[in-house]
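Chains, contacts and geometry: an overview
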Amino acid sequence: MTATTADAERTYTADEMMSIAAARALTNGKRCFVGIGLPSTAANLARRTHAPGLVLIYESGTLGSKPGRLPASIGDGILAETADAVISVPEVFNYWLQPGRIDVGFLGAAQLDRFGNINTTVIGDDYAQPTVRLPGAGGAPEIAASCREVFVVVRQSARSFVEKVDFITSFGHGSGKGDRERLGLRGAGPTLVITDLAVFRPDPETAELVLSQLHPGVEVEQVRAATGWDLKVSPELSRTDAPTETELQTLRELKAAK
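Computed from a predicted model, the values in this text were never measured in an experiment.

It is worth spelling out the sheet that holds strand β8 (residues 111-113) at this point. With mixed pairing, three strands are arranged side by side in an open sheet as β9-β8-β13. Looking at the sheet topology across the chains shown, the edges are occupied by β9 (118-119) and β13 (161-162). In this structure, β8 lies alongside β9, joined through two bridges in antiparallel fashion. The residue of β9 that forms the bridge with Q111 is N119.

Following this line, the structure appears as structure tokens:
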């Protein structure tokens, strides 16, 4: 999908709109635990545009990284070279993450269900012989459990937005409101889900994801068709602002950097 921005008078892709919308959700001065891939793209874009004081923390122990290009993995040397400090992985989890010192955990997903539970482990009913074996958990379960809130960025389709995930890798809101509290999880869980079509927020009464914002050129029925459950729509449904020229140029420069 492409659309034309009124400000920049140029085309942009659905992925670019998703990354820009995700970046806008991050505010200056926050401590953000960043996953590789789409979350890293959005977080680095935010730091280069409206949130220069955003503190990027990666699982490998780099605090305050300021990479000049997108890191290939959490072990990419550019993260350590540009960090304010490098600490051990146990310190990241035991001192920063688990005590609730991280404001936002930014995660991706292979599957996401109506309550924000994330699957990055297996597709299929049989764990031992799945249809697809995915990369796995990494630090995502701890991020989902302990960050003050969690943002998820994912490309949306009926295969990725499912009624119930095949495997809960990272706990969202379980089967509804109150499950996190019953398990003693510190953080608020997923408070925002950004896709290439729209933005979703959990209903305050049920914790079920609700369509709250459409990207330019996208209609409700398109989102419903790419959702594996009976999607509820916010009565205050809004539109995402189109990307600005600065946002697009910065994003493209970031992705082109070697």
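On we go.
This part takes up helix α4 (residues 89-97). Within α4, burial applies to V92, F93 and L97. Here the buried residues of α4 occupy an arc of 85 degrees about the axis, which is enough to place them on one side. Residues of α4 that are buried sit in contact with β3 (31-34), β4 (55-58) and α5 (140-146).

Neither face of strand β7 (residues 104-107) is exposed, since V104 and F106 on one face and G105 and L107 on the opposite face are all buried. Bridge count for β3 against β7 is three bridges, and the pairing is parallel. When the bridges of β7 are listed, V34 appears paired with F106. Where β7 and strand β12 (residues 149-153) come together, four bridges link them in parallel fashion. Within β12, the residue paired with G105 across the bridge is V150.

Time to look at the side chain of S40. When you line up the elements, S40 lands in helix α2 (residues 38-48). Judged by relative accessible area, which is 2%, S40 ranks as buried. Excluding residues within four positions of it along the chain, S40 makes contact with V34, G35, Y58, L70 and P71.

Quick look at helix α1 (residues 14-24) now. Most of α1 is tucked away: nine of the eleven residues are buried. Considered for burial, the residues of α1 that qualify are A14, E16, M17, M18, S19, I20, A21, A22 and A23. Looking at the buried side of α1, the elements it contacts are β2 (11-13), α2, β7, β12, β14 (190-194) and α8 (245-256).

With the rule as written, the count across this model stands at 13 salt bridges. Ionic pairing is found between R148 and D103, a salt bridge with its closest N-O pair at 2.8 Å. Here R148 is found in the loop between α5 and β12, whereas its partner D103 is found in the loop between α4 and β7, with 45 residues between them in sequence. Under the relative-accessibility criterion, R148 is labelled partly exposed at 45%. Accessibility expressed as a relative area gives 8% for D103, which makes it buried. Close ionic contact of E163 with R114 constitutes a salt bridge, the shortest N to O distance being 2.6 Å.

Rules used throughout
- Residues numbered from 1 in each chain as written.
- Predicted model: local features only at pLDDT ≥ 70, side-chain atom pairs only at ≥ 80, totals over all residues.
- Heavy atoms only, no water.
- Pairing = 2+ DSSP bridges.
- Helix = DSSP H or I, 4+ residues; strand = E, 2+ residues; numbered from the N terminus.
- Buried < 20%, exposed > 50% of the residue type's maximum accessible area, 1.4 Å probe, protein only.
- Arc of directions from axis to C-beta.
- Contact = heavy atoms within 4.5 Å.
- Salt bridge = Lys/Arg side-chain N within 4 Å of Asp/Glu carboxyl O.

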